[in-house]
Amino acid sequence: MELIVFCFFGTYELYSNPYWHKKKTMNLYLFPAAPTNVGGYNIAVLADYKRLKPNENDVTVWNQDTLPNWVPRKNAHLFKPVSIKSMKAISRMMQGRFSQEFSEDELEFLKGQQFEEIFCDEVIFYRAIRKLYPEKKLTVRFHNLFFRILVRNQILKIKTDWRFEGKLRILSKLEKAIFEDENVQKVFITEEDALFYQAIMSKSDYEVWDFKPDMDLMEQNRKPIRIAHKLIWFGGLESHKTLSVKWLTEKVLPQIQTVHPDTELHLYGGGTKQFNSPARKVFGHGYYHGDGLPMRNEALYVNPDILGGGVKIKLLTYFNEGVPFISSPYGFEGYDKTLIDNTYCSVVEEANWTDYIIHYFNTYSK
């Protein structure tokens, strides 16, 4: 009995001694935007946040000064995004840096802290973190791959505005620096981006975090298609997206209207009011404030991306909502081609859009 008592107390001492417990590890996560369901970029950040699952011991850095209430504030450091017209943004661009790129000084408070893992959820954190942790293994997420877009644009000779041209060149240079860093695990958003990296660097130090629709939800929401002669663009307009909509309004729509004169194009999202022209049956509505998708049972949704880049989160919405849509091949990058059924999901080369939509209307119009 005495021996049993001795062992019991011995065991108690062993597990109560703090030096026998594993020391809690601490990770660093740096996010470029708030994790919300509003906007494709934010949705992608939300998906990464849910995958990574930072805990209360981890340190988070946000390029955002407002966060949803459910995001823990302990060990969270919030930064207000830099205005494109501010002196700070102008100074960075004059130095050949992206306006939102973080500096070493801004992240100086991290110096000396020991982290088990460091995850940069965007390239804008890479240079500053690499200076603070020159020997540390990093993981960097590419939400876009501007280097690939730059090469494509040089071949296709698509004229974009000077701001987008500058963004392509500045971020391509930064991406190439990350490519060359052998102490970085790369995380791409599409298989196409990953294969581009592999083709250039001949390395396998990467993984792909892509997006897949909810197949059950998709099948549940799909209804028999009986639409009017209506097309819908759903999303904001910036940089080369404006060129895509111009192509749609000036090249495609007029040809469709020669066969179906009542065809309307409705545009929803930031910057769409600039295209408002009721005489041409083009309606720029601006931001959509309703629930779900506008005219979800009346129209064919369109994704006329003539340059590509990243992954179009709105297609994930179209899949899950069960609405029919047509996309260009570049606009469909990042999704499994087995999803293409030419009924609810059509992926068509730009040269064939007019004929395809006319045939679609003939088949599925009310």
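Cut-offs used in this document
- Residues numbered from 1 in each chain as written.
- Predicted model: local features only at pLDDT ≥ 70, side-chain atom pairs only at ≥ 80, totals over all residues.
- Heavy atoms only, no water.
- Helix = DSSP H or I, 4+ residues; strand = E, 2+ residues; numbered from the N terminus.
- Buried < 20%, exposed > 50% of the residue type's maximum accessible area, 1.4 Å probe, protein only.
- Areas by Shrake-Rupley, 256 points an atom, 1.4 Å probe, with all protein chains shown as cover.
- Lys, Arg positive; Asp, Glu negative; His and termini not counted.
- Charge placed at Lys NZ, Arg CZ, Asp CG, Glu CD.
- 1 Å grid on protein atoms, 1.4 Å probe; cavity = no way out; pocket = protein on both sides within 12 Å on 5 of 7 lines; lining within 4 Å.
- Points joined across faces, edges and corners; volume = space filled by probe spheres on them.
- Nonpolar A, V, L, I, M, F, W, Y, C, P; charged D, E, K, R; others polar.
- Patch = residues over 30% accessible without salt bridge, like charges linked within 9 Å, V, L, I, M, F, W, Y side chains within 5 Å.
- Salt bridge = Lys/Arg side-chain N within 4 Å of Asp/Glu carboxyl O.
- Pairing = 2+ DSSP bridges.
- Axes fitted to C-alpha atoms, helices over the stretch in contact; angles between N-to-C directions.
- Expected span 1.5 Å × (residues − 1).
- Contact = heavy atoms within 4.5 Å.
- Core = buried A, V, L, I, M, F, W, Y, C linked by side-chain atoms within 4.5 Å.

Chemist: Can you break down the overall build of the protein residue by residue, with the values?
Modeler: Looking only at helices and strands, one finds 11 helices and 13 strands in the protein. Counting only C-alpha atoms and orienting by the principal axes, one finds that the protein spans roughly 95 × 60 × 40 Å. Residues counted as buried form 50% of the 366 residues belonging to the protein. When the accessible surface of the protein is totalled, it reaches about 19200 Å², and 55% of it is carbon and sulfur. Side chains of the protein carry 47 positive and 45 negative charges; the gap between the two charge centres is 5 Å.

Chemist: Got a sec to walk through empty space enclosed by the protein? Specific residues and values, please.
Modeler: A complete count under the given rule lists two cavities of 30 Å³ or more for this structure. Taken as a whole, the largest cavity holds about 60 Å³ of empty space. Taken together, Tyr49, Pro54, Asn55, Glu56, Asp58, Thr60, Val71, Pro72 and Lys74 make up the full set of residues lining the largest cavity. Residues of the lining of the largest cavity, tallied by class, amount to four nonpolar, two polar and three charged. Empty space within the second largest cavity amounts to approximately 40 Å³. What lines the second largest cavity is simply Asn144, Leu145, Arg148, Ile149, Arg152, Asp193, Leu307, Gly309 and Gly310. Tallied by class, residues from the lining of the second largest cavity come to three nonpolar, three polar and three charged.

Chemist: Outline a nonpolar patch on the surface, listing residues and values.
Modeler: The grouping of Ile84, Met87, Ile90, Met93 and Met94 at the surface amounts to a nonpolar patch, some 550 Å² of accessible area in total. Position of Ile84 among the secondary structure elements: in the loop between strand 3 (76-78) and helix 3 (87-94).

Chemist: I'd like to hear about the sheet that holds strand 13 (residues 345-347), residue by residue, with values.
Modeler: Consider a sheet: its strands pair through backbone hydrogen bonds, and that pairing is either parallel or antiparallel. Read from one edge of the open sheet, six strands run 10-9-8-11-12-13, paired in parallel fashion. Across the chains shown, the open sheet's two edge strands, defined by having one partner strand only, are strand 10 (282-286) and strand 13. Here the average twist between neighbouring strands, direction ignored, is 25 degrees. As judged from the five bridges shared by strand 8 (residues 230-234) and strand 9 (residues 264-268), these two strands associate in the parallel manner.

Chemist: Any details on helix 2 (residues 40-52)? Residues and values, ideally.
Modeler: Here helix 2 is 13 residues long and its end C-alpha atoms lie 19 Å apart, about the 18 Å a rise of 1.5 Å per residue gives. If you check which residues of helix 2 are buried, you get Asn42, Ala44, Val45, Leu46, Asp48, Tyr49 and Leu52. Summarising the contacts, the buried residues of helix 2 are in contact with strand 1 (28-31), strand 2 (59-62), strand 4 (118-120) and strand 5 (138-142). Directly beyond the C-terminal end of helix 2, a positive phi value near 55 degrees is found at Lys53.

Chemist: Give me the lowdown on the nonpolar core, citing residues and values where you can.
Modeler: Core analysis: the largest hydrophobic core is formed by 70 residues, its most contacted members being Leu28, Leu30, Leu107, Ile118, Ile129, Trp353 and Ile357. It is helix 6 (residues 162-180) that provides the largest number of residues to this core, a total of seven residues. Excluding residues that lie within four positions of it along the chain, Ile118 makes contacts with Leu28, Leu30, Ile129, Tyr133, Lys136, Lys137, Leu138 and Thr139. Counting 22 residues, the second-largest nonpolar core is a separate cluster that includes Leu293, Leu316, Tyr335 and Leu339.

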